[in-house]
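Summary of the model geometry
Okay, here's what each chain looks like letter by letter:
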Number of protein chains: 2
Amino acid sequence: MRLEDELKQKSFKSPHHRMIVNVMFTGNWLLKELSCQLKPLGLSSQQNNVLGILRGQYPNPATLGLIQERMMDRDSNATRLVDKLLEKGLVTRCQCSENRRKVDIIITEKGLELLKETDKIIQGLEERFKQINPDEAALIGELMDKIRDCH
Amino acid sequence: MRLEDELKQKSFKSPHHRMIVNVMFTGNWLLKELSCQLKPLGLSSQQNNVLGILRGQYPNPATLGLIQERMMDRDSNATRLVDKLLEKGLVTRCQCSENRRKVDIIITEKGLELLKETDKIIQGLEERFKQINPDEAALIGELMDKIRDCH
DNA sequence: CCTATATAGTTGTATATACAACTTATGTTT
DNA sequence: AAACATAAGTTGTATATACAACTATATAGG
């Protein structure tokens, strides 16, 4: 559906205005599609994001700082996200012996297993977008980079 | 900055995967840019969104239902958003006499004045994206529509 | 009419988010 | 080595969000 129909709005002031609103709207739309599919697994999109980062480090530990700088949404509270994952047994956490200010966080076997499920969800999402061909997908990616490159 | 550098990640599994992550990331990034500029005016982006919808109806009233179906984020609680705007004197609210289940919400003069300020902010944002030319902006808009058009 | 159903908002609650203040540990000066 | 500064996490709190349950009004059927 066109953005104008989604928002029941006749038009936008300029192509740039329409672009800004549409990227925010579509980003949020995508996030909700994803969240809603992750929910049955008991994961929020942010928790899934953290798990993915931990898998990237596996079998090495990650610190909260490392997690934070790689998260999609930097402002959220990594400590409490990790708390949640800990409760579910998806990660382990212990004080780093070399630098006791740091905490070492490692994804567990159970966490890795769960990620296999979420991988399938992401893959399902990708397949849902087959009306977008790979060239277009790449183009969209480049254009997004370009939007953020405005200083 | 490229998405890979933002997230300190080497690569993505496919152009589609990169697209999905990049649209979510960039949408959120845009939202924060906007929110952070609206904050000095004491408005959240959602409150600004509602005010804009009310201006679209002005001088006619809008009901909560109408607001809800036009909001960028439909799941948020329109009642409480309007409460906030009411506290700030930016809207009036009264029971609709023809159908007493409905409430008529109208933007006040003060609300209209404030929107002039937020218009400037949006315009400022648009100008920040001058590295994107109007054709590209239009293209991005169309591609966003296409992403959501996947049934 | 009286009951059932649908509509329009409101309220409650659990969770999440944003931001600032606070600990604790390490590094740096003098 | 004491004092100060910085770094890495944690905690507190106010606000926001998501979802479900609830209230009040209106419409429709028997």
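Residues numbered from 1 in each chain as written. Chains lettered and ligands numbered in written order. Predicted model: local features only at pLDDT ≥ 70, side-chain atom pairs only at ≥ 80, totals over all residues. Heavy atoms only, no water.

A word on the overall build of chain A
- Across its full length, chain A holds 7 helices and 2 strands.
- When the elements of chain A are put in sequence order from the N terminus, they spell out α-α-α-α-α-β-β-α-α.
- For 151 residues, the compact-globule formula gives about 15 Å, and the C-alpha radius of gyration of chain A, at 19 Å, lies well above that figure.
- For chain A, the spread of C-alpha atoms along the principal axes amounts to about 60 × 35 × 30 Å.
- Per-residue burial for chain A yields a buried fraction of 48% across its 151 residues.
- Summarising the internal contacts of chain A: among those between residues at least 6 apart in sequence, 47% fall at separations of at least 24.
- Approximately 7,900 Å² of chain A is accessible, and the part contributed by carbon and sulfur atoms is 51%. (Helix = DSSP H or I, 4+ residues; strand = E, 2+ residues; numbered from the N terminus. Rg over C-alpha atoms; globule rule 2.2 N^0.38 Å. Buried < 20%, exposed > 50% of the residue type's maximum accessible area, 1.4 Å probe, protein only. Contact = heavy atoms within 4.5 Å. Areas by Shrake-Rupley, 256 points an atom, 1.4 Å probe, with all protein chains shown as cover.)

Considering the packing of helix α2 (residues 15-38) of chain B against helix α6 (residues 109-128) of chain B
Residue and element names in this part refer to chain B.
- Interaxial distance between α2 and α6 falls to 10 Å at its minimum, and their mutual angle equals 140°. Our classification of the angle between α2 and α6 gives oblique. For the crossing formed where α2 meets α6, the hand is right-handed. Residues Trp29, Glu33, Leu34, Gln37 and Leu38 of α2 form the contact with α6, whose participating residues are Thr118, Ile121, Ile122, Leu125 and Arg128.
- The residue inventory of the contact of α2 with α6, partitioned by class, reads 6 nonpolar, 2 polar and 2 charged. (Axes fitted to C-alpha atoms, helices over the stretch in contact; angles between N-to-C directions. Parallel < 35°, antiparallel > 145°, perpendicular 65-115°, else oblique. Left-handed = near helix turned anticlockwise from the far one by under 90°. Nonpolar A, V, L, I, M, F, W, Y, C, P; charged D, E, K, R; others polar.)

Overview of the interface of chain B and chain A
- Listed per partner, the contact involves 59 residues of chain B and 58 residues of chain A.
- Counting the surface lost from both chain B and chain A, the interface buries some 5,900 Å², and carbon and sulfur atoms represent 63% of this.
- The largest share of the area that chain B buries against chain A comes from Met24(B), Met72(B) and Arg148(B), three residues that together contribute 13% of it.
- Where chain B meets chain A, there are 10 salt bridges.
- Two residues, Lys146(B) and Glu136(A), come together in a salt bridge whose shortest N-O distance is 2.8 Å.
- If you look at where chain B meets chain A, you find 32 residue pairs in polar contact (both at pLDDT 80 or more).
- The element that contributes the greatest number of residues to the side of chain B that touches chain A is α2(B), accounting for 19 residues.
- Here the residues of the side of chain B that touches chain A are counted per class, giving 29 nonpolar, 11 polar and 19 charged. (Buried area = accessible area lost by both parts, 1.4 Å probe. Salt bridge = Lys/Arg side-chain N within 4 Å of Asp/Glu carboxyl O. Polar contact = N/O pair within 3.5 Å; in protein donor to acceptor, adjacent residues only side chain to side chain.)

Considerations on the protein's contact with DNA strand D
- What surrounds DNA strand D is a group of 20 residues, the closest being Leu64(A), Gly65(A), Thr79(A), Arg80(A) and Arg101(B).
- Close to the protein, within 4 Å, the atoms of DNA strand D belong to sugar or phosphate groups at a rate of 69%.
- In the model, a base oxygen of DNA strand D is placed 2.4 Å from a nitrogen or oxygen of the Arg80(A) side chain.
- Side-chain polar atom of Arg101(B) to a base oxygen of DNA strand D: 3.1 Å apart, as the coordinates give it. (Near = heavy atom within 4 Å.)

A short note on the protein's contact with DNA strand C
- Taken together, the neighbourhood of DNA strand C is formed by 20 residues, with Thr63(B), Leu64(B), Gly65(B), Thr79(B) and Arg80(B) sitting nearest.
- Within 4 Å of the protein, the contacting atoms of DNA strand C are drawn from sugar and phosphate to the extent of 69%.
- A distance of 3.3 Å separates a base oxygen of DNA strand C from a polar side-chain atom of Asn77(B).
- Breaking the surface near DNA strand C down by element, the ones donating at least two residues are α5 (78-87) of chain A together with α4 (64-70) and α5 (78-87) of chain B.
- Of the residues in the surface near DNA strand C, the class split is 2 nonpolar, 8 polar and 10 charged.

Describing the relation of the copies chain B and chain A
- Once chain B has been moved 0.0 Å along the axis and rotated by 180°, it coincides with chain A to within an RMSD of 0.0 Å. One copy is carried onto the other by what is essentially a two-fold rotation axis. Taking C-alpha positions as the reference, the residue of chain B nearest the rotation axis is Gly27(B), at 2.3 Å.
- By residue overlap, the copies meet face to face through one surface: 98% of the interface positions of chain B are interface positions in chain A. (Least-squares fit on C-alpha atoms with pLDDT ≥ 70 in both.)

Brief notes about unusual backbone geometry
All names here are of chain A.
- Residue proline 59 is reached from tyrosine 58 by a cis peptide bond, and omega for that bond is 5°.
- Of note in the backbone geometry, lysine 8 takes a positive phi value of approximately 50° without being a glycine.
- Turning to its location among the elements, lysine 8 is positioned in the loop between α1 (3-6) and α2 (15-38).

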